[in-house]
Amino acid sequence: DAGITQSPRHKVTETGTPVTLRCHQTENHRYMYWYRQDPGHGLRLIHYSYGVKDTDKGEVSDGYSVSRSKTEDFLLTLESATSSQTSVYFCAISVFLDGYGYTFGSGTRLTVV
Amino acid sequence: GENVEQHPSTLSVQEGDSAVIKCTYSDSASNYFPWYKQELGKRPQLIIDIRSNVGEKKDQRIAVTLNKTAKHFSLHITETQPEDSAVYFCAASPNSGNTPLVFGKGTRLSVIA
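Here the structure is a predicted model, which means the values were calculated and not measured.

Re the nonpolar core
Then, in step 1: Ranked by size, the top nonpolar core spans 23 residues in total, and within it B:Trp35, B:Phe73 and B:Leu109 carry the most contacts.
Then, in step 2: Counting residues per element, the ones that place at least two in this core are β2 (10-14), β3 (19-25), β4 (32-38), β5 (45-51), β7 (62-67), β8 (72-77), β9 (86-92) and β11 (107-112) of chain B.

Re the interface of chain A and chain B
Then, in step 1: Residue-level contacts link 22 residues of chain A with 18 residues of chain B.
Then, in step 2: Counting the surface chain A buries against chain B, the share from its top three residues, A:Leu43, A:Asp98 and A:Phe104, is 33%.
Then, in step 3: At the boundary of chain A with chain B, the tally comes to four residue pairs in polar contact (both at pLDDT 80 or more).
Then, in step 4: Those elements that provide at least two residues to the side of chain A that touches chain B are β4 (31-38) and β5 (42-51) of chain A.
Then, in step 5: When residues of the side of chain A that touches chain B are assigned to their parent elements, the largest contribution, four residues, is made by β5(A).
Then, in step 6: Per-class residue counts for the side of chain A that touches chain B are 12 nonpolar, eight polar and two charged.

Overview of the state of the cysteines
Then, in step 1: Here the structure, examined in full by the defined rule, presents two disulfides over all chains.
Then, in step 2: What pairs with A:Cys23 in a disulfide is A:Cys91, and their sulfur atoms sit 1.9 Å apart. The sign of the S-S torsion, about -75°, decides the handedness of the disulfide formed by A:Cys23 and A:Cys91: left-handed. Linking A:Cys23 in strand β3 (residues 19-25) with A:Cys91 in strand β9 (residues 87-94), this pair joins segments that are 68 residues apart in sequence. Like A:Cys23, the residue A:Cys91 is buried in the burial classification.
Then, in step 3: The disulfide bridge from B:Cys23 ends at B:Cys90, spanning 2.0 Å between sulfur atoms. In this structure the cystine formed by B:Cys23 and B:Cys90 twists about its S-S bond by roughly -100°; its chirality is therefore left-handed. Taken together, the residues span a long stretch of sequence, with B:Cys23 in strand β3 and B:Cys90 in strand β9 at a distance of 67 residues.

Topic: unusual backbone geometry
Residue and element names in this part refer to chain A.
Then, in step 1: Residues Ser-7 and Pro-8 are joined by a peptide bond in cis, for which omega reads -5°.
Then, in step 2: Mapped onto the fold, Pro-8 is located in the loop between β1 (4-7) and β2 (10-13).
Then, in step 3: The phi angle at Asn-28 is positive, at roughly 60°, despite the residue not being glycine.
Then, in step 4: Of note, Asn-28 is situated in the loop between β3 and β4.
Then, in step 5: The exposure class of Asn-28 is exposed, given its relative accessible area of 63%.
Then, in step 6: Its identity as a non-glycine residue notwithstanding, Lys-53 has a phi of 65°, on the positive side.
Then, in step 7: Here Lys-53 lies in the loop between β5 and β6 (54-57).

Overview of the sheet that holds β8(B)
Adjacent strands of a sheet form backbone hydrogen bonds with each other and so pair up, either parallel or antiparallel.
All names here are of chain B.
Then, in step 1: As summarised here, the arrangement of the five strands in space is β1-β3-β8-β7-β6, forming an open sheet in which the pairing is antiparallel. In the strand order of this sheet, the two ends are held by β1 (4-7) and β6 (56-59), each with one partner. Neighbour-to-neighbour, the strand axes of this sheet turn through a mean angle of 15°, independent of strand direction.
Then, in step 2: Where β3 meets β8, six bridges bridge the pair, whose relative direction is antiparallel. What sits directly across from Val-20, in β8, is His-76.

Focus: the packing of aromatic side chains
Then, in step 1: Counted under the stated rule, the structure contains 19 aromatic pairs over all chains.
Then, in step 2: With a centroid separation of 6.2 Å and 85° between ring planes, the pair formed by A:Phe90 and A:Phe104 is classed as edge-to-face. Of this pair, A:Phe90 sits in strand β9 while A:Phe104 sits in strand β10 (residues 103-104), and the two are 14 residues apart along the sequence. Residues A:Phe90 and A:Phe104 agree in their burial class; the two are buried.
Then, in step 3: Each residue in the set A:Tyr33, A:Tyr35, A:Tyr48, A:Tyr50, A:Phe90, A:Tyr102, A:Phe104, B:Tyr36 and B:Phe103 is aromatic and connected to the rest through ring pairs, giving one cluster.

Conventions we followed
Residues numbered from 1 in each chain as written. Chains lettered and ligands numbered in written order. Predicted model: local features only at pLDDT ≥ 70, side-chain atom pairs only at ≥ 80, totals over all residues. Heavy atoms only, no water. Core = buried A, V, L, I, M, F, W, Y, C linked by side-chain atoms within 4.5 Å. Buried < 20%, exposed > 50% of the residue type's maximum accessible area, 1.4 Å probe, protein only. Helix = DSSP H or I, 4+ residues; strand = E, 2+ residues; numbered from the N terminus. Contact = heavy atoms within 4.5 Å. Buried area = accessible area lost by both parts, 1.4 Å probe. Polar contact = N/O pair within 3.5 Å; in protein donor to acceptor, adjacent residues only side chain to side chain. Nonpolar A, V, L, I, M, F, W, Y, C, P; charged D, E, K, R; others polar. Disulfide = S-S within 2.5 Å. Pairing = 2+ DSSP bridges. Axes fitted to C-alpha atoms, helices over the stretch in contact; angles between N-to-C directions. Phe/Tyr/Trp six-rings, centres within 6.5 Å; stacked < 30°, edge-to-face > 60°.

In short, the description is geometric, and any link to function would need to be established separately.
Shown next, in the form of structure tokens:
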């Protein structure tokens, strides 16, 4: 496989509840990213990490937080889910920050009702 | 920040014809330009990339060209086949590679048999 797994693959949750998505890698890559994909918007960066406990915001970070306590795991938390956060979420990893060698996970389809 | 525009948003071609997808970027310091293919329900996967010191790169039926002066790059697919049907994303690495990839909004390519 690609060395990156996301869980869960599908989730339905209610408005106002917290949700955590997990990205796990076995490649020991330094850089990890969370993107969301919506029709007509392509892939938009939510947050990214450049090392354990080192994270930064992306283009659409409002309402999301992340944590990286181990090299292999990058967690995305929706603090209080809203319907506008219904989306497909992709995690990605790379060797270099400039994107060379980007590998995406299989995605998590999140529905907020 | 970097802005990547991608055109067209949808493209239909007859099997065997060529397809061209164009992207423009705004950050003149961008130096890496990958293209990703996403089949229905799957993860985006890298199909070809080009760095700013190269004008053209080919890999079998696909090629990418880069015009740094005009700040645009294009994906060319020749002798299209039904399995080329997918969404294609361009991306650029702004700030000389010191910030994550910025993606275009995607082009849905349909190859009609």
